[in-house]
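Each chain is listed here by its residues.
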Amino acid sequence: MSVPANGYVGRFAPSPSGPLHDGSLVAAMASYLDARACRGRWLLRIEDIDTPRVVPGADRVILQQLQALGMHWDGEPLWQSQRLAAYQQAFGQLQAQGHVFGCTCTRAQVGKGPYPGTCRNGLPEGATVRAWRFRVPDGSISFDDRWLGPQQHDVAREVGDFIIRRADGLWAYQFVVVVDDAFQGITDIVRGADLLDSTARQITLAQALVVTYPRVMHVPLVLDDNGLKLSKQNHARPFDTAQPLVTLNRAWQRLGFDTLSNLHDVDDFWGRATQHWRQRYPHLIY
Ligand SMILES: [Zn+2]
């Protein structure tokens, strides 16, 4: 960005399980506009930690898609697959302070509800640990969502002790996000509303790791004709980069704005859209 960065640091963190679609673009757009409106930095993180879901080459496609729409990230993208030592270290920190415990339960034993705490108070000798869980403290977590307003969750009751290292040895999403947001100095998370439920869990982890959790804004999801969330799992198509202004305006409308007309190019779009965003969130400007 051409203006000097202030304290704001935002990020877009796609998982390379396929190309970006209209739904992921809405979240990316809101995050990008928020960073631009605050004259902050906008970082890119490729969340390729869930290796069975990674599609080879999808990360490169995502970078090209963003570039085709004139979305410029600051610095080098961060790949989670290069951060394994940092995750191990953060896990060691939690373990040393008694925040994690080994769990032998199978998925069938745990069922669908909150984790019943079966292994919380220790395992019989010789038991084989399958996964590692975070020991969730009692009490409710409150936070202010900049889009949705005040939120309150009781993680201990609603979710229970959740997994941070999976039975297949992979790190869980909730855990690596918190470690990486702290590492990258993120001040503001702007993402899709499907991740609203993750926020309280991530706050409990941030508290245990003694790191500051960013401010959050969860923007509306894009639904398909059947009312389902547009997602790679539902085989959403990549967004169209051949007509970038049409694609941008469609995402823009989904954020509740009127179509921008007489646009010269993508830079023109971002300049004008940023002005509108600033008017909507004037208190944001540091
Ligand atoms: Zn267990």
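Look a little higher up for the structure.
The rules behind each value
- Residues numbered from 1 in each chain as written.
- Predicted model: local features only at pLDDT ≥ 70, side-chain atom pairs only at ≥ 80, totals over all residues.
- Heavy atoms only, no water.
- Helix = DSSP H or I, 4+ residues; strand = E, 2+ residues; numbered from the N terminus.
- Expected span 1.5 Å × (residues − 1).
- Buried < 20%, exposed > 50% of the residue type's maximum accessible area, 1.4 Å probe, protein only.
- Arc of directions from axis to C-beta.
- Contact = heavy atoms within 4.5 Å.
- Salt bridge = Lys/Arg side-chain N within 4 Å of Asp/Glu carboxyl O.

## Observations regarding helix α3 (residues 84-96)
Logical step 1: Its 13 residues place the ends of α3 18 Å apart at the C-alpha level, agreeing with the 18 Å of an ideal helix rising 1.5 Å per residue.
Logical step 2: Turning to α3, its buried residues number three or more, namely Y87, A90, F91 and L94. Across the axial projection of α3, the buried residues extend over an arc of 100 degrees, all falling on one side. Seen from the buried face of α3, the exposed residues on the opposite side, beyond 90 degrees, are A85, Q89 and A96.
Logical step 3: Buried residues belonging to α3 abut β4 (100-103), β5 (131-134), β8 (162-165), α6 (173-183) and α7 (196-209).
Logical step 4: Backbone geometry just downstream of α3 places G98 in the positive-phi region, at approximately 75 degrees.

## Some points on the pattern of salt bridges
Logical step 1: Taken as a whole and judged by the stated rule, the model has 14 salt bridges.
Logical step 2: Across the pair D181 and R11 runs a salt bridge, and its minimum N-O distance is 3.0 Å. Of this pair, D181 sits in helix α6 while R11 sits in strand β1 (residues 9-12); the two residues are 170 residues apart in sequence, bridging distant segments of the chain.
Logical step 3: Note that D50 and R53 form a salt bridge whose closest N and O atoms lie 3.7 Å from each other.
Logical step 4: When its relative accessible area of 18% is taken as the criterion, D50 is described as buried.
Logical step 5: Residues participating in the shared-partner salt-bridge network are R11, R45, E47, R83, D180 and D181.

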